[in-house]
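# Descriptive analysis of the structure
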Amino acid sequence: MADPKGFLKVQKRELPKRRPVSVRLMDWKEVYEQQESGELRRQAGRCMDCGVAFCHHGCPLGNLIPEWNDLMWRGEGRQASERLHATNNFPEFTGRLCPAPCEASCVLGINQPPVTIKQVEVSIIDQAFANGWVTPHPPERLTGKTVAVVGSGPAGLAAAQQLTRAGHTVAVYERDDRIGGLLRYGIPDFKMEKKQIEQRLAQMQAEGTRFRAGVEIGKDIAWDDLRARYDAVIVATGATVPRDLPIPGRDLSGVHFAMEYLVEQNRVGAGDKIADQITAEGKHVVVLGGGDTGADCIGTAHRQGALSVTNLAIGQQPPAERPEHQPWPMQPTLFEVSSAHEEGGERVYLASTVEFLSNEVGEVRAIRVAETEFVDGRRVPKSGTEREIPADLVLLALGFTGPEREALEAQLKVPFDERSQIERDAQYETSQPGVFVTGDAGRGQSLIVWAIAEGRATASAVDKYLEGSTSLPFPVRPTDRSISV
């Protein structure tokens with residue numbers, strides 16, 4: 001695409017203000033300040049009357065962004081909240097956790113910083129909760145049909161809320177002791193305080209959704225028994241199997257998956273007592289993986305009092321501006337600096353971890369790394385470039401490979417595809433009649449907006465399966481960019 005003036009490279013975001021680092025490091029409160037009302041209206045007012053609103057294209061939920069921007073600019077916060085909820089069950093989650101692909105598709109982003117859509121979104125919903133505008137929407141009638149949702153992450157919760165509002169009796173099963181999935185135990189409080197989950201669960205309970213925490217399907221209740229109890233079952237267990245790094249020294253004490261570490265801290269933040277908690281206090285910490293989970297580990301390590309934090313990524317450092325091969329309105333891969341990165345630590349790219357090194361008692365003391373080189377399209381350690389980095393705690397934040405398979409294969413007998421995801425058809429149904437799959441369990445590790453979008457779409461498919469038709473809104477699908485509200 002010809003771009004002589006470089007317009008299509010522009011991709012700079014105006015980020016909301018953060019509390020000073022000296023204050024943030026003392027607590028686990030959310031790092032972002034509330035947007036000043038005048039600045040919020042100015043940003044909302046920058047939204048244009050686009051002939052084609054490409055922010056719709058960028059958002060998997062098909063959010064009505066120009067509409068609620070206009071309402072916010074006019075000072076009509078309650079109406080803005082209603083338009084926001086028309087396509088998104090949980091804007092308080094996405095407004096804090098989504099990487100904002102809508103902003104990458106904002107038409108202003110061609111030659112200016114895009115509208116701060118994400119910040120407008122979270123401000124709308126925070127205002128709505130503060131003013132009591134978020135109220136329960138119980139169904140007008142009950143259908144007599146029952147649905148079990150297994151997993152209480154954003155996909156499962158979205159499907160449950162939609163189906164409850166359609167009049168079905170819905171029970172959400174969660175093996176952890178609290179509802180919320182990775183929203184509860186995978187996201188640090190400095191990114192999203194758990195009061196955000198509690199206030200939404202209170203709304204859902206008032207609508208009629210039932211929650212069953214501390215129940216593991218496949219162990220406490222067999223999958224066959226669950227199917228016998230309910231007219232339909234939705235598998236929303238997520239992609240929770242972490243990607244490992246099978247190199248020498250992997251079994252040393254002090255080498256952990258990121259979620260082992262983050263879950264324990266979130267439990268402590270909730271008031272639980274954790275024996276022998278994995279902590280970064282007084283340690284040299286190395287985080288492997290340059291994504292959001294790695295950043296969560298970095299911010300957590302800072303708050304626990306780490307001596308040093310080093311973040312290693314095997315690939316190249318992304319560019320600061322939109323690359324030519326990812327022109328607007330594509331979602332570009334850019335060098336991101338989160339609040340956790342601003343708080344300190346070192347980020348190293350093109351670093352291949354070769355070995356975990358042990359002390360005399362079997363604990364990790366360092367890691368051996370080498371520069372990454374590309375051979376036949378593969379990333380491999382470059383011989384002769386090895387060096388050691390001190391490490392008392394190593395956290396593997398390398399992503400996830402798929403859902404846990406054992407009980408699903410043995411009891412539910414659903415097949416998996418070549419990507420280790422549960423096979424499903426275009427209506428999210430598995431080979432087992434009445435059993436549906438939504439979110440990361442069928443899609444693979446993805447964004448929170450995709451999880452909610454799939455939860456809503458799966459709810460529509462289940463409603464049609466139970467009732468023969470559906471009036472539930474069907475959001476944007478992976479292979480269908482049309483929008484129906």
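Per an unreviewed UniProt entry, the protein goes by the name Dihydropyrimidine dehydrogenase subunit A and belongs to Frondihabitans sucicola. Per UniProt, the comment on the protein under Pathway (unreviewed entry) is "Amino-acid biosynthesis."

It is worth spelling out the nonpolar core at this point. Core analysis: the biggest nonpolar cluster contains 63 residues, and Trp-68, Val-147, Val-149, Ile-234 and Val-462 have the highest contact counts within it. No other element matches the 9 residues that helix H18 (residues 448-467) contributes to this core. Both domain 1 (6-130) and domain 2 (146-240 + 404-467) contribute no fewer than three residues apiece to this core. Not counting chain neighbours up to four residues away, the residues in contact with Val-462 comprise Val-147, Leu-163, Ala-232, Ile-234 and Phe-436. Listed in part, the 20 residues of the second largest apolar core include Tyr-173, Ile-221, Trp-223 and Ile-422.

What follows is about the environment of Cys-50. Residue position: Cys-50 is located in the loop between helix H2 (37-45) and helix H3 (54-58). The exposure class of Cys-50 is partly exposed, given its relative accessible area of 25%. Separated by 56 residues in the primary sequence, Cys-50 and Cys-106 have C-alpha atoms spaced 9.6 Å apart.

Opposite charge on two side chains permits them to pair, given that their charged atoms come into close proximity. Per the counting criterion, the structure on display carries 27 salt bridges. Across the salt bridge formed by Asp-177 and Arg-178, the nearest N and O atoms sit 3.5 Å from each other. In this structure, the salt-bridge partner of Asp-189 is Lys-194, at a minimum N-O distance of 2.6 Å. Here Asp-189 and Lys-194 have matching classes, each one buried. Ionic contacts of the salt-bridge type, sharing partners, join the residues Asp-176, Asp-177, Arg-178, Arg-267 and Asp-272 into one network.

Turning to helix H4 (residues 65-73), its buried residues number three or more, namely Ile-65, Trp-68, Asn-69, Leu-71 and Met-72. The buried residues of H4 occupy one face: seen down the axis, they fall within an arc of 165°. Buried residues along H4 sit against H2, H3, helix H5 (77-85), helix H7 (101-104) and helix H8 (117-130). Trailing H4 by a residue or two, Gly-75 shows a phi angle of about 80°, which is positive.

So, on to the packing of aromatic side chains. Scanning the model with the defined rule gives 6 aromatic pairs in all. Judged by centre distance (5.3 Å) and plane angle (35°), the rings of Phe-90 and Phe-93 are tilted. A relative accessible area of 1% means that Phe-93 is categorised as buried. With 6.1 Å between their ring centres and 85° between their planes, Tyr-173 and Tyr-230 make a pair best called edge-to-face. Taken together, the positions of Tyr-173 in strand E2 (residues 169-174) and Tyr-230 in the loop between helix H12 (223-229) and strand E4 (232-235) put the pair 57 residues apart, joining distant regions of the chain. As far as the burial class goes, Tyr-173 and Tyr-230 line up, both buried. The residue whose ring lies beneath Arg-303 is Phe-190, and the NZ or CZ to ring-centre distance is 4.0 Å. The residue whose ring lies beneath Arg-405 is Phe-416, and the NZ or CZ to ring-centre distance is 4.2 Å.

Each strand in a sheet pairs with another by means of backbone hydrogen bonds, the pair being arranged parallel or else antiparallel. Taken together, 5 strands build an open sheet; the order of strands is E6-E14-E7-E8-E9 and the sheet is parallel. Each end of this open sheet is capped by a strand with a single partner; those strands are strand E6 (255-257) and strand E9 (346-348). Strand-to-strand, the axes of this sheet are offset by a mean angle of 20°, without reference to chain direction. The pairing of E6 with strand E14 (residues 393-396) spans 3 bridges and is parallel. Residue pairing across strands places Val-255 opposite Val-394, the latter belonging to E14. Where helix H13 (residues 258-269) meets the sheet, it contacts E6 and E14, and its direction lies at approximately 75° from that of E6.

Take the domain arrangement of the protein next. Taken domain by domain, the protein comprises domain 1 (6-130), domain 2 (146-240 + 404-467) and domain 3 (244-398). A straight line from the C-alpha centre of domain 1 to that of domain 3 covers 30 Å.

Further remarks concern the packing of H5 against H8. Each pair of packed helices can be summarised by the angle the axes make with each other and by the distance between the axes. Taken N-terminus to C-terminus, the directions of H5 and H8 make an angle of 115°; their axes are 9 Å apart at the nearest point. It follows that H5 is roughly perpendicular to H8 by the angle criterion. Here the hand of the crossing between H5 and H8 comes out left-handed. Facing H5, whose interface residues are Gly-77, Ala-80, Ser-81, Leu-84 and His-85, H8 presents Glu-121, Ile-124, Ile-125, Gln-127 and Ala-128.

A word on the packing of helix H9 (residues 154-165) against helix H11 (residues 195-207). Two elements in contact, H9 and H11, have axes separated by 10 Å at closest approach and are oriented at 30°. Put simply, H9 runs roughly parallel to H11. You can see that H9 and H11 cross each other, and the crossing is left-handed. Taken together, the residues of H11 that come into contact with H9 (itself represented by Leu-157, Ala-160, Gln-161, Thr-164 and Arg-165) are Leu-201, Gln-203, Met-204 and Glu-207. Looking at the contact of H9 with H11, its residues break down into 4 nonpolar, 3 polar and 2 charged.

Burial within strand E7 (residues 284-288) is extensive, with 4 of its 5 residues counted as buried. Where E7 lies against strand E8 (residues 308-312), 5 bridges are found, and the strand directions are parallel. Across the sheet, residue Val-287 finds its bridge partner in E8, namely Asn-311. For the crossover that starts at E7, traverses helix H14 (residues 292-304) and ends in the parallel E8, the hand is right-handed.

Cut-off values and rules
- Residues numbered from 1 in each chain as written.
- Predicted model: local features only at pLDDT ≥ 70, side-chain atom pairs only at ≥ 80, totals over all residues.
- Heavy atoms only, no water.
- UniProt positions renumbered as here; feature names shortened; annotations may be inferred.
- Core = buried A, V, L, I, M, F, W, Y, C linked by side-chain atoms within 4.5 Å.
- Buried < 20%, exposed > 50% of the residue type's maximum accessible area, 1.4 Å probe, protein only.
- Helix = DSSP H or I, 4+ residues; strand = E, 2+ residues; numbered from the N terminus.
- Domains from an automatic or database assignment.
- Contact = heavy atoms within 4.5 Å.
- Salt bridge = Lys/Arg side-chain N within 4 Å of Asp/Glu carboxyl O.
- Arc of directions from axis to C-beta.
- Phe/Tyr/Trp six-rings, centres within 6.5 Å; stacked < 30°, edge-to-face > 60°.
- Lys NZ or Arg CZ within 6 Å of the ring centre and 35° of its normal.
- Pairing = 2+ DSSP bridges.
- Axes fitted to C-alpha atoms, helices over the stretch in contact; angles between N-to-C directions.
- Parallel < 35°, antiparallel > 145°, perpendicular 65-115°, else oblique.
- Left-handed = near helix turned anticlockwise from the far one by under 90°.
- Nonpolar A, V, L, I, M, F, W, Y, C, P; charged D, E, K, R; others polar.
- Right-handed = clockwise from strand over helix to strand, strands pointing away.

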